[in-house]
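Survey of secondary and tertiary structure
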Amino acid sequence: MPSPAQTPERFTATAAAATFAEQWDVRLPVVNAPMGGVAGGRLAAAVTAGGGFGMIGMGSAGSAMALRRELRFTAATEGRFGIGMVDWVAAADPEMFEVALAAAPALLTVGFGTDLTWARRAASAGIRTAAQVYTRDDARRAEDSGIDIVVARGAEGGGHGSTAMAMLPLLDAVLDAVSVPVLAAGGIGTPASMAAVLAAGASGVWLGTRLAASAESLLPEAARRALIAATGADTVATTIFDTALELPWPERFPSRVLRNEVTRDWSDRAAYLRTDPESRTRIADRVRAGDPTAVPVDAGQGVGAVTAVEPAAQIIGDLSRAAAQLLTRPQP
Ligand SMILES: Cc1cc2nc3c(=O)[nH]c(=O)nc-3n(C[C@H](O)[C@H](O)[C@H](O)COP(=O)(O)O)c2cc1C
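Residues numbered from 1 in each chain as written. Predicted model: local features only at pLDDT ≥ 70, side-chain atom pairs only at ≥ 80, totals over all residues. Heavy atoms only, no water.

Per an unreviewed UniProt entry, the chain goes by Nitronate monooxygenase and derives from Nocardia bovistercoris.

Let us now look at the environment of Ala212. In this structure, Ala212 sits in helix H10 (residues 209-212). Separated by 173 residues in sequence, Ala212 and Ala39 have C-alpha atoms that sit 7.4 Å apart. Those residues in contact with Ala212, other than ones at most four positions away along the chain, are Met35, Val38, Ser217, Leu219 and Leu227. (Helix = DSSP H or I, 4+ residues; strand = E, 2+ residues; numbered from the N terminus. Contact = heavy atoms within 4.5 Å.)

Moving on: the sheet that holds strand S10 (residues 235-238). Taken together, the 3 strands give an open sheet; going across it, the order is S7-S11-S10, and neighbouring strands pair in antiparallel fashion. For this open sheet the edge positions go to strand S7 (159-160) and S10, each flanked by a neighbour on one side alone. Pairing of S10 with strand S11 (residues 255-258), which is carried by 4 bridges, proceeds in the antiparallel orientation. Each bridged residue has a counterpart across the sheet, and for Val236 the counterpart in S11 is Val257. (Pairing = 2+ DSSP bridges.)

Near the ligand, the surroundings consist of 20 residues, among which Gly36, Gln132, Gly187, Gly208 and Thr209 are the closest. Gly186 places a main-chain nitrogen or oxygen 3.4 Å from an oxygen atom of the ligand. Gly187 places a polar main-chain atom, nitrogen or oxygen, 2.7 Å from an oxygen atom of the ligand. The protein chains hide 96% of the 590 Å² of surface that the ligand would expose on its own. Partitioned by chemical class, the residues of the shell around the ligand number 7 nonpolar, 11 polar and 2 charged. (Near = heavy atom within 4 Å. Polar contact = N/O pair within 3.5 Å; in protein donor to acceptor, adjacent residues only side chain to side chain. Areas by Shrake-Rupley, 256 points an atom, 1.4 Å probe, with all protein chains shown as cover. Nonpolar A, V, L, I, M, F, W, Y, C, P; charged D, E, K, R; others polar.)

Before going further, it helps to spend a moment on the environment of Gly82. Checked against the element boundaries, Gly82 lands in strand S3 (residues 81-86). Residues Gly82 and Thr129, 47 residues apart in the sequence, show an inter-C-alpha distance of 9.1 Å. With sequence-adjacent residues up to four places away left out, Gly82 is seen in contact with Phe53, Gly54, Met55, Ile56, Pro105 and Leu107.

Read across the sheet, 8 strands follow the order S1-S9-S8-S6-S5-S4-S3-S2 without closing on themselves; strand pairing throughout is parallel. Lying at the two open borders of the sheet, with one neighbouring strand each, are strand S1 (30-32) and strand S2 (54-57). With strand direction ignored, the average angle separating the axes of adjacent strands in the sheet is 25°. The pairing of S1 with strand S9 (residues 204-207) spans 3 bridges and is parallel. Following the sheet pairing, Val31 is matched in S9 by Trp206. (Axes fitted to C-alpha atoms, helices over the stretch in contact; angles between N-to-C directions.)

Structure below.
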C-alpha cells in the first residue's frame, strides 16, 4: 500500500477544493504559509513534492541575499512554488522584490501593508498573487486590486496578523464578499478543522504552525520542542517583542506566540513597555542572546496538533486524506 503522502489521486472531496487543485496543478488543497525564518526553500520544495503548494517566507529578517539562498532549493518544483514577503521589509530592501520577480514563482504575496500596487507589478510579470485578509473590507479591496487568491486569516493563527475576527466568522464573510478562490488560515491543524473550512466553502488551507516543526523547516531545535510540548491554550497575541526589538510592525498586527516568561510579565503592559526604554533593552538583550525563557516562538491555536517532527509531505498527505474521509463518509 502506498504511504498516504504518496497517494497519487487529486483531492476531490469538495467542489471548490477540486477546482483549486486543478487550477493550481496540485494534488492537495494545501498551501504552506510563507513563514519567515521557518519556511525556507527546503520546506517549500517538500510541500510541493508532497502534492501541495510550497512557499518561501521572508519575514522581519528577510533580504535579497536570504531569498537568493532559499531559492536554490526550488529547482525541482519546476516553478510550482511561491514567495511571501513583508511590506515594510520589502520597502527597506527593494532588491528583494526584484529577486522575487526574477525567480518567476507561480505565486507572490507582500503582506501587512496598505499599498497593493505590488500586485500589479507581479501580474504584469505573469505572476499570480495572494493576500491575507482579516475583514470583509480587506477581502473586497484585495479582489479589487486584482489579487488572485484571498486568504481569510483568523485571529487563531500563528505569527503576525490581525486579531479582529476568528477564522470561521471571517471565512463566512470573505466567502460572501469575493468571487476569487478563498483559502482558510488560522488554527487549522487537524483533519476535522481542515474538513470544516472546506465544508464551509474554502478552496484550500494555508497552513503555518502545523508545518513549522516539520522535518524540512528552518525552526531551531528548542522552538521545535516547545511547539511539540504546547497545547492550544498556550498561545497569546502580543506586540511586546516587536516593541522591544524595535521592529516597525503596524500595531494592527500583533504576533501570536507561545507564552513564555516575557509574555507572562509584559503582555498586559504592552502600552507601558513603549514608554520604558530600559525594560525594552532588557527584553531585547535576552531575546538576542537566545534565552529560551524569552525568545518568541510563533504558534497558532492549532499548535496542539503538532506532536512530532514529521516530513512535510507526510503531514499534508495524512491531513488531507483524513479530511477527505470526514467530508465523504456515509451519513448514518
Ligand atoms: C512561525 C511562523 C512564521 C510566520 N511568518 C510569516 C511571514 O513571514 N509572513 C506572513 O505573511 N505570514 C507569516 N506567518 C503567518 C502565516 O502566514 C499564517 O497567517 C498563519 O501561520 C496561519 O495560522 P496557523 O499558524 O494557525 O496555521 C507566520 C506564521 C508562523 C506560525
